[in-house]
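Chain and residue survey
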Amino acid sequence: MSPRYRQLLEDLRRQFPQPVSDPVHDAYFVFTILRALDQVDALKSQMPMLGAPREPDYAEAVAARLAPEGRSLEATVPQLVAQLQGMFLWGHPQSQVNVITHPSIAGIIGVLLASTYNPNLCSDESGRGFSEAEVKASSMASALVGYDPARSGGVFTFGGTGCLLYGMKIGLEKAVPGAMRRGVREPVVVLASEHCHYAVLNAAGWLGIGQESVVRVSTHLDNSLKIDALAAAARQALGEGKRIAAIVATMGSTDAFGIDDLRAVRTLRDNLVREFELDYTPHIHADAVIGWAWSVFNDYDFTANLLGFRGRTVRALALAHNRLQHLRLADSIGIDFHKTGYAPYISSLFLVREAADFGTIARDRDSMPYLYQSGTHHPGMYTLETSRSGTGPMAALATMLMLGREGFQTLLGHIVEMAEVLREGLEAHPDLTVLNGDNVGPVTLFRVYPPGVDTFTVKDRERSDPSFQTKVEEYNRLNRRVFERVNAEALAGGGVVISMTDCYRHTDHGIPIAALKSYVLSPFTEEDRMRSIIDHVLAARDEVLGRDYD
Ligand SMILES: *Cc1c(COP(=O)(O)O)cnc(C)c1O
């Protein structure tokens, strides 16, 4: 051992948490975190962003190389903090960008503990108490959505996308037993709404089902799928001898918070099994990555309304509850704690009503000789992943422990209340319309028009009047310009950062309808901020129309 080697090793050992108790070193560890947070704090202003606005510099980024020599922890941290320059603050009251959450402290500490002690949830050999945490979080969520935790099973995975992949894979194995070994050799379909997340297509592609085998069913104006259309699509597929790998119910769509009628989907599925004498039961996966959290209102007394939400809010919560209370009718459910559960990414739970369903995707012990030599709980025998982090379950457990039902009710009630304040203001103004007025979540899609447009009829004309389709495109351009202006102003310190969707839905003639989008998730949002959005949007419209509109 050269003196250099010895010296380096000594120095490097100080860069790790100490394996045996060393309170002085713990203080160094914590203090280093504190100093990192201090450096981040220096980037904070009143703006909804850390530091100054900037675009990522990829030209510089590709020049990055591993240096010949290392550097101290103190010298490393500032370089990491520099990556936060220009980062959006999702929790800022002026930020209403998308369904990206502001993680709670409990959630962050859950991640920190799991990162520090690094369990592998592949098996409880290496997961220990963290494996227990995964079962706890799964059971809490299972009971919450109305499953029986004694029968259900859950694994945390890589996002709502992973949940869809699991749900569709189990469904595929039920419809085509042995597909895991032999591949998909029979024609299969997946049925979903036209407003399902594109992850459904992605999963179909990755599973070998094929994106073209996803039948996307038309929707009502409330963005929920038409049960008649689903029935027709299912009967056609079955009539042609195809098998149904899965029916995906979207329980809170990404752009509009559309919620499918899961109870009707379930009744239809059960009827199809009898009608076609199917030798399998088509699997229903509820893509509830956004909507699951509303289950906390399953026991809320909307009449007594003990939290004192205003009338519009109670109505919105009760309407969402009306559909989401049926989640237990699905065979599997995708839950994102990193969306409406205030947990950091990635914290997604795939739940199956019958844990035995995992048997359809389990592998033989023989094929994994080095794993599962001890312990009793081995999710790695059926998970797609081999190594799995403990951060997701710990973050989920943390937020559920900390918030309880009432905490969730308060946070969700608040964001819906803020969305309702905005809607009330939008509805009261002649030049503005709410597009997803029949949806009742924290997201509001709206459009601004030139003065004098009759907004009572414009929505219908845009959707169905063939002579109005060029106007739709013109108004799409107007709304995009308004969006750019509003956000430029917000990043310069005034107003609220909102978002935009290029296609809220298509007109009957196939033209996409663009929309401005306010997605409220921050606990820090206040009423006056919501109302100010309207002033900023109208001012931006006047600017655009007055100056540089073509
Ligand atoms: C976000 C979203 C997904 C994808 O989930 P990730 O966690 O981003 O992988 C799937 N479905 C819906 C409805 C979503 O909103």
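Refer to the preceding data block for the structure.
Okay, so let's go over this structure. Please read all numbers here as calculations on a predicted model, not as lab measurements.

The subject of this paragraph is the site of the ligand. Around the ligand, the neighbouring residues are Gly-159, Gly-160, Thr-161, His-197, Gly-252, Thr-254, Asp-287, Val-289, Ile-290, Asp-336, His-338 and Lys-339. In the model, an oxygen atom of the ligand is placed 2.7 Å from a nitrogen or oxygen of the Thr-161 side chain. Between the ligand and Asp-336 there is a distance of 2.7 Å, counted from an oxygen atom to a side-chain nitrogen or oxygen. Relative to its free-state accessible area of 380 Å², the ligand is covered by the protein chains to the extent of 87%. Of all the secondary structure elements, the ones that give two or more residues to the shell around the ligand are α8 (159-175) and α14 (337-340). Top element by residues in the shell around the ligand is α8. It accounts for three residues. Its residues assigned to classes, the shell around the ligand shows two nonpolar, seven polar and three charged.

Let's shift gears to the environment of Asp-124. The residue Asp-124 is located in helix α6 (residues 124-127) in this model. The sequence separation of Asp-124 and His-378 amounts to 254 residues, and the corresponding C-alpha distance is 6.4 Å. Residues in contact with Asp-124, not counting those within four places in the same chain, are Ser-131, Gly-375, Thr-376, His-377 and His-378.

Attention now moves to the packing of aromatic side chains. Across all of its chains, the model carries 14 aromatic pairs by this definition. Taking 5.6 Å as the distance between ring centres and 50° as the angle between the ring planes, the aromatic pair formed by Phe-88 and Trp-90 counts as tilted. Where Tyr-449 meets Tyr-475, the ring centres are 5.1 Å apart and the plane angle is 90°; that geometry is what we call edge-to-face. Within this pair, whereas Tyr-449 is found in the loop between β9 (443-448) and α16 (458-464), its partner Tyr-475 is found in helix α17 (residues 469-491), the two being separated by 26 residues in sequence. Take Tyr-475: its relative accessible area is 4%, and that puts it in the buried class.

As a rule of thumb, nonpolar side chains are buried together in soluble globular proteins. If you look at the biggest cluster of nonpolar residues, it comprises 131 residues, and the most contacted ones within it are Met-168, Trp-294, Ile-333 and Phe-337. Considering every element that reaches this core, the biggest residue donor is helix α15 (residues 391-428), with 15 residues. Setting aside residues no more than four positions away along its own chain, Ile-333 makes contact with Val-145, Tyr-147, His-285, Ala-286, Ala-288, Leu-327, Leu-349, Phe-350 and Leu-351. Residues Val-155, Cys-163, Tyr-166 and Phe-350 belong to the second largest nonpolar core, which totals nine residues.

Relative to the 27 Å expected for 19 residues at 1.5 Å per residue, helix α2 (residues 23-41) spans 26 Å between its end C-alpha atoms, a close match to the ideal helical length. Every buried residue of α2 is listed here: His-25, Thr-32, Ala-36 and Val-40. Viewed along the axis of α2, the buried residues span an arc of 85°, placing them on a single side of the element. Exposed residues pointing more than 90 degrees away from the buried face of α2 are listed as Pro-23, Val-24, Val-30, Leu-37 and Asp-38. The elements touched by buried residues of α2 are α4 (73-82).

Take the sheet that holds strand β11 (residues 512-519) next. Pairing is antiparallel in the open sheet, where four strands are placed in the order β8-β9-β11-β10. Pairing within the sheet leaves two strands with one partner each, and these edge strands are β8 (432-434) and β10 (499-506). Neighbour-to-neighbour, the strand axes of the sheet open up by a mean angle of 40°, direction not taken into account. As defined by bridge partners, β10 adjoins β11 across five bridges and the pair is classed as antiparallel. Each residue of the ladder has a partner; that of Met-500, found in β11, is Leu-516. The sheet strands contacting α15 are β8, β9 and β11, and the helix crosses β9 at an angle near 20°.

Two elements in contact, helix α5 (residues 105-117) and α15, have axes whose closest approach is 7 Å; the angle formed by their N-to-C orientations is 145°. Classified by chirality, the crossing of α15 by α5 is right-handed. The segment α5 lies against α15, with Ala-106, Gly-107, Gly-110, Val-111, Leu-113, Ala-114 and Ser-115 engaging Thr-391, Met-394, Ala-395, Ala-398, Thr-399 and Met-402. Across the contact of α5 with α15, the residue classes break down as eight nonpolar, five polar and no charged.

Under the defined criterion, the tally for this structure stands at 33 salt bridges. A salt bridge links Arg-312 to Glu-420; the nearest nitrogen and oxygen atoms lie 2.9 Å apart. Taken together, the residues span a long stretch of sequence, with Arg-312 in helix α13 (residues 311-324) and Glu-420 in helix α15 at a distance of 108 residues. Assessed through its relative accessible area of 26%, Arg-312 is described here as partly exposed. In this structure, Glu-484 and Arg-480 form a salt bridge, with 3.9 Å as the shortest nitrogen-oxygen distance. Of the two residues, Glu-484 and Arg-480 are both situated in helix α17; the distance of four residues between them amounts to about one turn of the helix.

Cut-offs used in this document
- Residues numbered from 1 in each chain as written.
- Predicted model: local features only at pLDDT ≥ 70, side-chain atom pairs only at ≥ 80, totals over all residues.
- Heavy atoms only, no water.
- Near = heavy atom within 4 Å.
- Polar contact = N/O pair within 3.5 Å; in protein donor to acceptor, adjacent residues only side chain to side chain.
- Areas by Shrake-Rupley, 256 points an atom, 1.4 Å probe, with all protein chains shown as cover.
- Helix = DSSP H or I, 4+ residues; strand = E, 2+ residues; numbered from the N terminus.
- Nonpolar A, V, L, I, M, F, W, Y, C, P; charged D, E, K, R; others polar.
- Contact = heavy atoms within 4.5 Å.
- Phe/Tyr/Trp six-rings, centres within 6.5 Å; stacked < 30°, edge-to-face > 60°.
- Buried < 20%, exposed > 50% of the residue type's maximum accessible area, 1.4 Å probe, protein only.
- Core = buried A, V, L, I, M, F, W, Y, C linked by side-chain atoms within 4.5 Å.
- Expected span 1.5 Å × (residues − 1).
- Arc of directions from axis to C-beta.
- Pairing = 2+ DSSP bridges.
- Axes fitted to C-alpha atoms, helices over the stretch in contact; angles between N-to-C directions.
- Left-handed = near helix turned anticlockwise from the far one by under 90°.
- Salt bridge = Lys/Arg side-chain N within 4 Å of Asp/Glu carboxyl O.

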